[in-house]
Amino acid sequence: MNRILTTIIVLLGLLSAGFAAEETPATKGVSKPNVIIFYVDDLGWQDLELNDLDDPCPYETPNVKRLAASGMNFTQGYAPAPTCSPSRAGIITGQHPAKLGLTHVHLGSMQNGAKSQRLVAPYLESHLDLDALTLADALKRNGYRTGHSGKWHVGLTASNYGFEVVDQDRGVHRGMEDRTKDFATADDKRYPLSEEKYPPFSDKFPDGISYPYDQVTESALSFMKESGEQPFFLNLCHWMVHWPVLTRNGELLEYYCDKLGQPFPPEPGDMTLPGQQNPYFAAMVTTVDWSLGRVVDFLERTDDPRHPGKKLIDTTYIFFTSDNGGAEVRGPEIISDNYPLKKGKKYAEEGGIRVPLVVAGPGIPAGSEFDGLVNQLDFFPTLLDLTNSSIDAEEREELSGLDISPVLHGRSASIVDAAGQERDHLFWHFPHNGDASMKSAIRSGDFKLYKRYATNDYELYRLYKDGDRHDLEERFDLAKKPEFRSLVERLAAQLDRSLQANRAELPYLNPYYAYRADDAVSIEGLRFDASSRKASLTARKSGPAIERAYVVFQGAPGAAKVKHRAVEGPALLFGMREAARVAPDGYSVSALVPEGVPAVGFILIDTNGYQTYSDIEAGR
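Since we're looking at a predicted model, the values are computed, not measured.

(A) Focus on helix H7 (residues 250–259). The buried fraction of H7 amounts to 7 of the 10 residues, a majority that puts the element mostly inside the structure. Of all the positions in H7, only Gly250, Leu252, Leu253, Glu254, Tyr255, Tyr256 and Cys257 are classed as buried. In this fold, the buried residues of H7 make contact with helix H8 (279–301). The N-capping residue of H7, defined by a side-chain oxygen 3.3 Å from the backbone nitrogen of Glu251, is Asn249. Of the residues flanking the end of H7, it is Gly261, one or two places downstream, whose phi is positive at about 70 degrees.

(B) View of the pattern of salt bridges. What the rule picks out here adds up to 35 salt bridges. A salt bridge links Arg88 to Asp41; the shortest N-O distance between them is 3.6 Å. One end of the pair, Arg88, is in helix H3 (residues 84–93); the other, Asp41, is in the loop between strand E1 (34–40) and helix H2 (62–70), and 47 residues separate them in sequence. The exposure class assigned to Asp41 is buried, which follows from its relative accessible area of 0%. Linking Glu349 and Lys439 is a salt bridge whose minimum nitrogen-to-oxygen distance equals 2.6 Å. Of this pair, Glu349 sits in the loop between strand E10 (333–334) and helix H9 (350–353) while Lys439 sits in strand E15 (residues 439–444), and the two are 90 residues apart along the sequence. Just as Glu349 is buried, Lys439 falls in that class too.

(C) Fine view of the packing of aromatic side chains. Going through the model one piece at a time under the given rule, you end up with 18 aromatic pairs. Ring centres 6.1 Å apart and planes at 20 degrees place the aromatic pair Phe183 and Phe264 in the stacked group. In this pair, Phe183 sits in the loop between strand E6 (165–167) and helix H6 (215–226) while Phe264 sits in the loop between H7 and H8, placing the two residues 81 residues apart along the sequence. When its relative accessible area of 19% is taken as the criterion, Phe183 is described as buried. Each residue in the set Trp152, Tyr161, Phe163 and Phe233 is aromatic and connected to the rest through ring pairs, giving one cluster. Across from the ring centre of Tyr610, 6.0 Å away, lies the NZ or CZ of Arg516, which sits over that ring. One Lys or Arg, Arg577, reaches over the ring of Tyr550 and ends 4.0 Å from the middle of that ring.

(D) Fine view of the sheet that holds strand E25 (residues 581–582). Read across the sheet, 4 strands follow the order E21-E22-E26-E25 without closing on themselves; strand pairing throughout is antiparallel. Strands at the two margins of the open sheet, each flanked by one partner only, are strand E21 (523–529) and E25.

(E) Region of interest: the pairing of strand E11 (residues 357–360). Of the two faces of E11, the one carrying Leu357 and Val359 and the one carrying Val358 and Ala360 are both buried. Where strand E2 (residues 72–74) meets E11, 2 bridges bridge the pair, whose relative direction is antiparallel. Counted as the bridge partner of Met72 is Val359 from E11. The pairing of strand E8 (residues 316–322) with E11 spans 4 bridges and is classified as antiparallel. Following the sheet pairing, Phe320 is matched in E11 by Val358.

Cut-off values and rules
- Positions within a chain are numbered from 1, following the residues in the order the chain's sequence is written.
- Only residues with pLDDT of at least 70 get local features here, since the model is predicted, and only at 80 or more are side-chain atom pairs given and counted; chain-wide, interface and lining totals rely on the full set of residues.
- The basis for the side-chain values is all heavy atoms of the structure; hydrogens and waters are excluded.
- Residue exposure (1.4 Å probe, protein chains only): buried if accessible area is under 20% of the type maximum, exposed if over 50%, otherwise partly exposed.
- Only DSSP runs of H or I with at least four residues qualify as helices, and only runs of E with at least two residues qualify as strands; both kinds are numbered from the N terminus onward.
- Any two residues whose heavy atoms approach within 4.5 Å are treated as being in contact.
- Any pair of nitrogen or oxygen atoms within 3.5 Å is treated as a polar contact; in protein, a donor-acceptor pairing is required on top of that, and neighbouring residues in sequence qualify only through side-chain atoms on both sides.
- Salt bridge, as used here: a side-chain nitrogen of Lys or Arg that lies within 4 Å of a carboxyl oxygen of Asp or Glu.
- Stacked, tilted and edge-to-face pairs are distinguished by plane angle, under 30 degrees for stacked and over 60 for edge-to-face with tilted covering the rest, among Phe, Tyr and Trp rings (Trp via its six-membered ring) whose centres lie within 6.5 Å.
- When the NZ atom of lysine or the CZ atom of arginine is within 6 Å of a ring's centre and also within 35 degrees of its normal, the charge is said to sit over that ring.
- We treat two strands as partners when DSSP finds at least two bridges between them.

Take a look at the structure:
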């Protein structure tokens, strides 16, 4: 769909609503509307009956379709990153993952590179900066009750970042001993099957099927019920459809085995049929859709105590999306297929970052569609507008996204910044996952450019031509063609400006690379004096000098990591880094260590560009 058609759809939406879509929530009598972010893990752009291209998607998602029919579908919605943690950090702070210094999931890992890798990723701290303003902080300041249900995965717990009611349970998505038969039953103590029946329907299940109890969904429903007359912000984050690929819903699995022409129960072992033929994955997608249906049904039948005569569905915005593109394989198991998009999770290509995105709520024209570039980083400034909330000017300056509420309410056919300039690009930074995947990317108009760090060159693809699908598969690299040289130069310069403005940390050379051309720094001594709280390191002067260094605060060596529980005091520093002092000669480093931190490590960047980790040293 091209931009002209999108404009026509927006105008038709205005006309069909008698221009009611131009009214803001306040003028429609909805003060402080509720907000739900319904976040799915690893759900690909082609894993729904929504932006379905080429071969039809076999996974049934009636509730997502119903949500889209009541609101706006964004056909070119993007996650901030191709993996979980950076997207979650980006959406909750409104800041680009590069700016946050949180660009992948390996938080707090001081792991050396393999001998086969020329490049290594920068170090990622163990958790999101506690000083970062979150969406929960901002809305709580403005009178909202804040709740988080499900997956968090940016370090510490959601309660450390402005959420008052937190349940990080995995819900129904837990490993099971035998996925071919260990299904939930009606009297299951942890996952009892529902008495109510839900879609899908079939000759075998004409009344629908039962679903196992899901704590993620139930805690979300409880949070909304208990919010009473206070407006609420619910961050509902499913662990599905992430690995492990399984379901406790035997009837749903049987339904998909029948639909896909496979035996039930399935044979033990990996599912290896190509495309979208994994019945376990299909069951997970429909289970997430069922959860969305439970939430929407609750909103539709529940009166809003703050707005007499209205149901909660009339006063609530729902943002439905996924943290990154779909995961296609895990070892020999074929999970799903992002085609026609290229690659998937862990890649900056379209399959790794383009995601489903639907927004519904007060004033949004039903059945509308927008095909401009939208990023989940836009949620923060948009929700400030939709909820009539305010933050300090300095805090707003830190936001990386744009307010899309004029598009949502049909007042504009394009997304513009504060100066009225139309958005002209989005960018991503992913210096991870091995040499071939270490890329930054920029999308501008019909084109997408990649900066490849392993080879220090570029790729250019024309995804669309005048707004119509052209090379969505990213098959034809145009970077070396003379007629595109000026475009490559322009986009490369724009990408570099974006990376610099966001303080993006680039990959480093790997000191353990088997074929390295230069010497890397060689550590000679490491000491942490517990009484003076001084940690120091010396390097061999026959090697390159240290250009800059960081001290990483560590817990006691061998101590188990605490997950999903609130921590206090010095433990909040574990895995975090600070700049260390480098001596003028470049061969020694020192740092003062806060009380209560039992151990440290150092990260060294030398003059040849190598990143070297020291051992972990306990105080003595």
